[in-house]
Amino acid sequence: MTTELSVRVEDKLFQNRYLVDAGRAHIKVRPHDVPTPALRSLLTACPARCYELNDKGQVEISADGCVECGTCRIIGEPTGDIEWNYPRGGYGVLFKFG
Amino acid sequence: MIEERFDAIVIGAGMAGNAAALTLAQRGLKVLQLERGEYSGSKNVQGAILYSEMLEKLIPDFRDDAPLERHLVEQRFWMMDDHSHVGLHYRSDDFNEERPNRYTIIRAQFDKWFSKKVQEAGALVVCETTVTELVQDAYGKVIGVRTDRPGGQVHADVVVLAEGVTGLLGARAHLRKIPQPDNVALAVKEMHFLPRETIEARFNLKGDEGTVIEAVGTISRGMTGMGFIYANKECVSLGIGCLVSDFQKSGESPYQLIERFKRHPSVAPLIEGSEVKEYSAHLIPEGGYKAIPQLFGDGWVVVGDAAQLNNAVHREGSNLAMTSGRIAAEAIFQVKSRRDPMTKENLSLYKTMLDQSFVMKDLKKYKDMPTLLHTQSQNFFLTYPQLVSKAMQNFVRVDGTPKVEKEKRTLKSFVSARSWTGLFGDAFRFARAWR
Ligand SMILES: Cc1cc2nc3c(=O)[nH]c(=O)nc-3n(C[C@H](O)[C@H](O)[C@H](O)COP(=O)(O)OP(=O)(O)OC[C@H]3O[C@@H](n4cnc5c(N)ncnc54)[C@H](O)[C@@H]3O)c2cc1C
Ligand code: SF4
């Protein structure tokens, strides 16, 4: 199993430039009581750690730091766990180097 | 949005889209290219190695003004365990040639330049516009696109889907399936800035010479994956990617993986004291030949990563993207010149031409490789690197043990880890997949 390294993703994301489309999340999690294994895997697989467990044990997303890699889409769209879109044109992450 | 009708609409301004739009515009077609990012490249991530040959076919004099970093004179392959690496190191002064074969680039900057060439050739390039849907007629023929701009519907004879590996449109219109988790790798990457002289000293380079390191081993923790370290002029691109399905299974986190890679004793000295200016992530198509979807239909073609045209064995993607984009455009131009309609039948010319190119020939050659590496990941990415490293240590450490005994010990460690049948089986399977 994973041994935790002290890595703060927030520090990594802090380097990036974003234009956040306030109030228009481009990814949504389907309401659920108990997360499916696919949904649960997003807690660790998302490289920007956008997925977190809330205190009711449900998976929530806050997509502000999303780097638009598409991993959660590949995992969660076919199972119906999430609804995935691109941000509106011009919004989202803005790579200076890429 | 835009009232007029176009000969072709190209979705996406990455390597494939830019190659297609450029080729179409150069041949006098009326082209609209749509890109969701603020500028071409603002959403794109790559290592990145640029292969000259495929770009030269599009822009012969690209060296005059393209933003290139370093031309490569050296390639290193590392097989790593937790404390060491065994390396193959190829360096040749032959690569200090007048028209170098490979360069490192920074994608966001390169794409911006590429896009300027597309505009100069006469294509209409509209950024900050996400295409939300393909417009199809009653018979399923693609006749245009809908965008997120008000009244944003535009029509064209043919649509070139150059939307990259996470392309939504083709999948939504049921032209192809979305990639399976075991057909795509997730790569995370950081840009480490250092003074130019420091990079040159650490990587043993002078002037604009460059080097790249590709690494496999325990760094991917038993997952099918690879790390990379590329020297640019004033920064080092460093990253690691593994199959999405392996991330799912292992519960490993991508950011922990890259952190561990950075702290490895072979890697840390190369980036010591650097300033990290960007953290990015992107998928890479890894399914190879068997994962290639239907490439053309009534009113559409698909090119580049969206079509899984990516050679994971050789870490080549952008050159396949550029080549498929160019070939698709040439096929469209031929159909157009004959005044034929953009039907599935006529557009099959794209596939015929692509089959004759290195793109399909290379992917076909390695058609069994993805399955082999994916199913044997523990052996290839964990067991063997550890065994090789132990064997090397045994070989170089001088401790009074007679050499005959050392060799016996090394052989024994291989056989006990994989058994004779295992070893021969792996070698056989590998050779067959490579052939
Ligand atoms: C970490 C990493 C390292 C790599 N290293 C190398 C390397 O060293 N050498 C190499 O040759 N290849 C490498 N590759 C592969 C290479 O990056 C890809 O093969 C190549 O970028 C594919 O080009 P593309 O045009 O098909 O897709 P992309 O470059 O991904 O372009 C797709 C474009 O379409 C746009 N788009 C998508 N959907 C829409 C929409 N609905 N509306 C509007 N715009 C849209 C996107 O914003 C994007 O600009 C690497 C990839 C990664 C991730
Ligand atoms: S697209 Fe990538 S970065 Fe964004 S939420 Fe999904 S997994 Fe995380």
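Residues numbered from 1 in each chain as written. Chains lettered and ligands numbered in written order. Predicted model: local features only at pLDDT ≥ 70, side-chain atom pairs only at ≥ 80, totals over all residues. Heavy atoms only, no water.

Student: An account of the overall build of chain A is requested, with residue identities and associated values reported.
Tutor: In terms of helices and strands, chain A carries three helices and six strands. Seen in sequence order, chain A has helices and strands lined up from the N terminus as α-β-β-α-β-β-α-β-β. A globule of 98 residues ought to have a C-alpha radius of gyration of about 13 Å, and chain A, at 14 Å, matches this closely. Seen through its principal axes, chain A has C-alpha atoms that stretch 40 × 30 × 25 Å. The buried share among the 98 residues of chain A stands at 54%. A total of about 4900 Å² of accessible surface is found on chain A, and carbon and sulfur atoms cover 52% of it. (Helix = DSSP H or I, 4+ residues; strand = E, 2+ residues; numbered from the N terminus. Rg over C-alpha atoms; globule rule 2.2 N^0.38 Å. Buried < 20%, exposed > 50% of the residue type's maximum accessible area, 1.4 Å probe, protein only. Areas by Shrake-Rupley, 256 points an atom, 1.4 Å probe, with all protein chains shown as cover.)

Student: Which residues make up the pattern of salt bridges, and what values go with them?
Tutor: Counting across every chain of the model gives 41 salt bridges over all chains. Residue B:Asp157 pairs with B:Arg5 through a salt bridge whose shortest N-O separation is 2.6 Å. With B:Asp157 in strand β10 (residues 153–161) and B:Arg5 in strand β1 (residues 5–11), this pair connects stretches of sequence that are 152 residues apart. What makes B:Asp157 partly exposed here is its relative accessible area of 22%. Here B:Arg5 falls in the partly exposed class, since its relative accessible area comes to 46%. Of the charged contacts in the structure, one is a salt bridge between B:Asp65 and B:Lys117, with a shortest N-O distance of 3.0 Å. Of this pair, B:Asp65 sits in the loop between α2 (52–56) and β4 (68–80) while B:Lys117 is found in helix α3 (residues 107–120), placing the two residues 52 residues apart along the sequence. Accessibility expressed as a relative area gives 40% for B:Asp65, which makes it partly exposed. Using a relative accessible area of 16% as the deciding quantity, one classes B:Lys117 as buried. Shared partners join several salt bridges into a network, and the residues in it are A:Lys12, B:Glu190, B:Glu259, B:Lys262 and B:Arg263. (Salt bridge = Lys/Arg side-chain N within 4 Å of Asp/Glu carboxyl O.)

Student: Which residues make up empty space enclosed by the protein, and what are the values?
Tutor: All names here are of chain A. Under the definition given, this model contains one cavity of 30 Å³ or more. Here the largest cavity is characterised by a volume of approximately 80 Å³. Along the wall of the largest cavity there are 15 residues; nearest its centre are Cys46, Pro47, Cys66, Cys69 and Cys72. (1 Å grid on protein atoms, 1.4 Å probe; cavity = no way out; pocket = protein on both sides within 12 Å on 5 of 7 lines; lining within 4 Å. Points joined across faces, edges and corners; volume = space filled by probe spheres on them.)

Student: A description of the side chain of A:Thr71 should follow, citing residues and the corresponding values.
Tutor: Mapped onto the elements of the fold, A:Thr71 is located in helix α3 (residues 71–76). Of the residues examined, A:Thr71 reaches a relative accessible area of 2% and is grouped as buried. In contact with A:Thr71, other than residues within four places in its own chain, are A:Ala45, B:Leu186, B:Val244 and B:Leu283. (Contact = heavy atoms within 4.5 Å.)

Student: I'd love a proper account of the pairing of strand β14 (residues 235–243) of chain B, names of residues and values included.
Tutor: Residue and element names in this part refer to chain B. Counted residue by residue, β14 has nine buried out of nine residues, so it is predominantly covered. Pairing analysis gives nine bridges linking strand β11 (residues 184–193) to β14, with the strands arranged antiparallel. Bridge pairing in β14 links lysine 189 to glycine 239. Pairing between strand β13 (residues 225–231) and β14: seven bridges, direction antiparallel. Bridging across to β14, alanine 231 finds its partner in valine 236. Count of turn residues in the β13/β14 antiparallel hairpin: three residues. (Pairing = 2+ DSSP bridges.)

Student: I'd like a description of helix α9 (residues 318–337) of chain B, backed by residues and values.
Tutor: Residue and element names in this part refer to chain B. For α9, built from 20 residues, the straight-helix expectation of 28 Å at 1.5 Å per residue is met to within 8% by its first-to-last C-alpha distance of 28 Å. The element α9 is extensively covered by neighbouring structure, given that 16 of its 20 residues are classed as buried. Where α9 terminates, the next one or two residues include arginine 339, which has phi positive at roughly 60°. (Expected span 1.5 Å × (residues − 1).)

Student: Requested: an account of the site of ligand 2, with residues and values cited.
Tutor: Residue and element names in this part refer to chain A. For ligand 2, the set of nearby residues contains 14 residues, the closest of which are Cys46, Cys66, Cys69, Gly70 and Cys72. A majority-of-atoms criterion places ligand 2 in the largest cavity. Taken together, the residues that form the shell around ligand 2 break down as eleven nonpolar, two polar and one charged. (Near = heavy atom within 4 Å. Sits in = over half its atoms within 2 Å of the grid points. Nonpolar A, V, L, I, M, F, W, Y, C, P; charged D, E, K, R; others polar.)

Student: How would you explain the interface of chain B and chain A if you had to name every residue and give the values?
Tutor: Taken together, the contact pairs 58 residues of chain B with 44 residues of chain A. Of the roughly 4300 Å² buried between chain B and chain A, counting both surfaces, carbon and sulfur atoms make up 54%. Together, B:Tyr255, B:Glu278 and B:Tyr279 form the three largest contributors to the area buried by chain B at its contact with chain A, with a combined 16%. The interface formed by chain B and chain A holds four salt bridges in total. Between A:Glu68 and B:Arg36 there is a salt bridge, with the nearest N and O atoms lying 2.8 Å from each other. (Buried area = accessible area lost by both parts, 1.4 Å probe.)

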